[in-house]
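Observations on the three-dimensional arrangement
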Amino acid sequence: MKAQMETDLRLESSLWVGNKRYLAVLTGWHLKWTEAEKKNPDKQTVSVPVAEVVGVEEGRVEILPHKSVEDTDRDFTVFYVKRSSSRASAGLLWRLGRTQFTCPSRVLRDQWIKNLRTAVKTHSPLRPHRLLVFINPFGGKKKGRQIYHSLVAPLFELAGISSHVIVTERANQARDHLLKKDLTGFDGVVCVGGDGMFSEILHGVIGRTQQEAGLCENDPAVTLQQCPLHIGIIPAGSTDCVCYATVGVIDPVTSALHVVIGDSQPLDVCSVHHGLGQVRYSVSLVGYGFYGDVLAESENHRWMGPFRYDYSGAVVFLSNRSYRGTVQYLPADPLLSSPRDKTRCLSGCGVCAKSTERLFTNTSDSGSQYSSYSGPFNKDSRGEWVSVDGRFKCVSLTCMSSSCAKSPLGLSPSAHLADGTGDLILVRDTNPLGFLKYLYRHTTTQDQFDLPFVEVHRVKAVRFSLADGGEEAEDNAGLSGAMDGEDGGYIKNGKRSGSQQHLAGRAKGQTMTSEDKTVTPFMCGLCCSKAPAVSVWNCDGEILPFPEIFCKIHGQLVCLYARGIEDGASLRDGTEERVECNRTCTLPR
């Protein structure tokens, strides 16, 4: 059946591109055209995977920057993905390639158009047909609308994608819409904005899926259902960490083309719990100490725009704070991968592919697609928890490398997008020069973990508690009992905290005593006179004001319209056309 379809789609003829004659061949998987001039020893051959053909139009057509159509009887235009290297980023830029062909007759032209469109439909079953688009008009440089209408919408129209566009007017509007409105008929959700907008979409999509599955998000023992709706990210915010870590570049056209061709990249998600309720989901950073303090400090300087993070980072660094606590974690299988193995999660990652088999092969009676990997709540894993006490500059948990333009390799360069684990980074109390060295290494290719006060672990779950107990510890007792298999109830409709709760609500009047201090804080005129006893958590750019939390990694809970970072070195080592062929042929779908 499949072989017969390939034979039916095959087409071969002479076509003209400008004044040159080419021999064009359409197989089931590729469209190729080669110069037909026998006198030229270096014949140019262009090969485009059918899966990366964006659209086929009658006549001579241009889409960007403005659409124009010259209707002719014998011409047709093919639009496809064209790659180029990016000096400023690790990944490859995608651009809309365009080639205009001229046929000997109109009948032959119609045959080419028909076969090409059929081939695209046959070999791209995951392409979206209808999308729900949310635009944040206030994020970043406030160019969300302009970016969508000038760069993204024309590509969607070319690919035959219909979209319902909502321009948000308030915080959490997108999340509330996804939780309450009818989503029938939509293949995916696209956000035009930054990491904050993506977080809204993430919470809405996951929450809606669990509601429809009848699962309680607030119960940390529950294995969450994988979300059927794909999420697309068009970068237009102050920070676009998730887009950078999953695509490799911050470029709206590249991201839009990934959506158009229906790329699918599974993504691990971390659920964050406090007390008896579920608080938030995270994919890039759950950070306590330095990263929490920087976010809380930056809330006082929002008028600075994106520069507020640099300024707040300097203020918090000069404060030289550290915090006492107890970190407990459930290690992942060290035989599968390690955060120090020097590998990178790139497009077609073998570690993530093996994890897909491990996460989804065995199903249980509960109906979960990956309940066989329920993680820390299996009875056999009770004794596997590892405990670390001390004073920490920062405690960080990430489900991805968290790379960005300022930190090309990210918080954890060898972290994987879809292996069902997270990387826990513990930075113990040290002198300011040592901590500065740790921070500086994030901007270089040096190993930031190769320092005596830094340790990193690949984990499935983490819990953090205050070493000296207190009210927060009592609130967390119920959760600890649930994690150890004791009976306990859960809040069905726990409220999520927003970013409006800041440092004032975190310390509860506590200050460091002389007995707690191991390094005397260096205070400058810009910093507070008294260091708080506890920090806050930075959860993907949102402040969680309570220190005691429990985190669980949910393997491949959502899917993005992406394919991971493509290695730019392969483009420099050969022709663009060869790269297109190899990357598509070897990428597991």
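1. Some details on the pattern of salt bridges
Within the structure shown, the criterion is met by 24 salt bridges. Of the charged contacts in the structure, one is a salt bridge between arginine 83 and glutamate 566, with a shortest N-O distance of 3.0 Å. Residue arginine 83 is located in strand S8 (residues 75-85), and its partner glutamate 566 is located in the loop between strand S23 (549-560) and helix H13 (568-573); the two are separated by 483 residues in the primary sequence. Per residue, the accessibility class of arginine 83 equals that of glutamate 566, and both read buried. Put simply, aspartate 423 and arginine 458 hold a salt bridge, and the shortest N to O gap is 2.8 Å. In this pair, aspartate 423 sits in strand S19 (residues 422-428) while arginine 458 sits in strand S20 (residues 454-465), placing the two residues 35 residues apart along the sequence. Taken together, the shared-partner salt bridges in this structure form one network comprising Glu52, Arg83, Asp263, Arg563 and Glu566.

2. Remarks on the side chain of asparagine 538
Mapped onto the fold, asparagine 538 is located in strand S21 (residues 537-539). Asparagine 538 sits in the buried class, given a relative accessible area of 9%. Among the polar contacts listed, one links the side chain of asparagine 538 to the backbone oxygen of tyrosine 291, at a separation of 3.3 Å. Residues contacting asparagine 538, with those up to four places away along its chain left out, are Leu285, Val286, Gly287, Tyr291, Gly292 and Leu295.

3. Some points on the nonpolar core
Counting 41 residues, the largest nonpolar core has Phe134, Phe198, Ile201, Leu202 and Ile206 as the members making the most contacts within it. The set of elements that each furnish at least two residues to this core consists of strand S10 (130-135), helix H4 (173-180), strand S12 (188-193), helix H5 (195-213), strand S13 (230-235), helix H6 (241-247), strand S14 (265-274) and S23. With six residues, H5 is the single largest residue contributor to this core. Ignoring anything within four residues of it in the chain, the contact list for leucine 202 reads Ile231, Val269, Tyr281, Val283 and Val558. Judged by nonpolar contacts, the second largest core, of 28 residues, contains Val81, Leu131, Val133 and Val253.

4. Describing unusual backbone geometry
Backbone geometry places asparagine 172, a non-glycine residue, at a positive phi of 65°. Looking at the secondary structure, you find asparagine 172 in the loop between strand S11 (162-167) and H4. A residue is classified by how much of its surface remains accessible, and asparagine 172, at 29% relative accessible area, is partly exposed. One non-glycine residue, lysine 342, lies in positive phi territory at about 70°. Relative to the helices and strands, lysine 342 resides in the loop between strand S17 (323-331) and helix H10 (350-360). Exposure remark for lysine 342: the relative accessible area of 60% places this residue in the exposed category.

The rules behind each value
Residues numbered from 1 in each chain as written. Predicted model: local features only at pLDDT ≥ 70, side-chain atom pairs only at ≥ 80, totals over all residues. Heavy atoms only, no water. Salt bridge = Lys/Arg side-chain N within 4 Å of Asp/Glu carboxyl O. Helix = DSSP H or I, 4+ residues; strand = E, 2+ residues; numbered from the N terminus. Buried < 20%, exposed > 50% of the residue type's maximum accessible area, 1.4 Å probe, protein only. Polar contact = N/O pair within 3.5 Å; in protein donor to acceptor, adjacent residues only side chain to side chain. Contact = heavy atoms within 4.5 Å. Core = buried A, V, L, I, M, F, W, Y, C linked by side-chain atoms within 4.5 Å.

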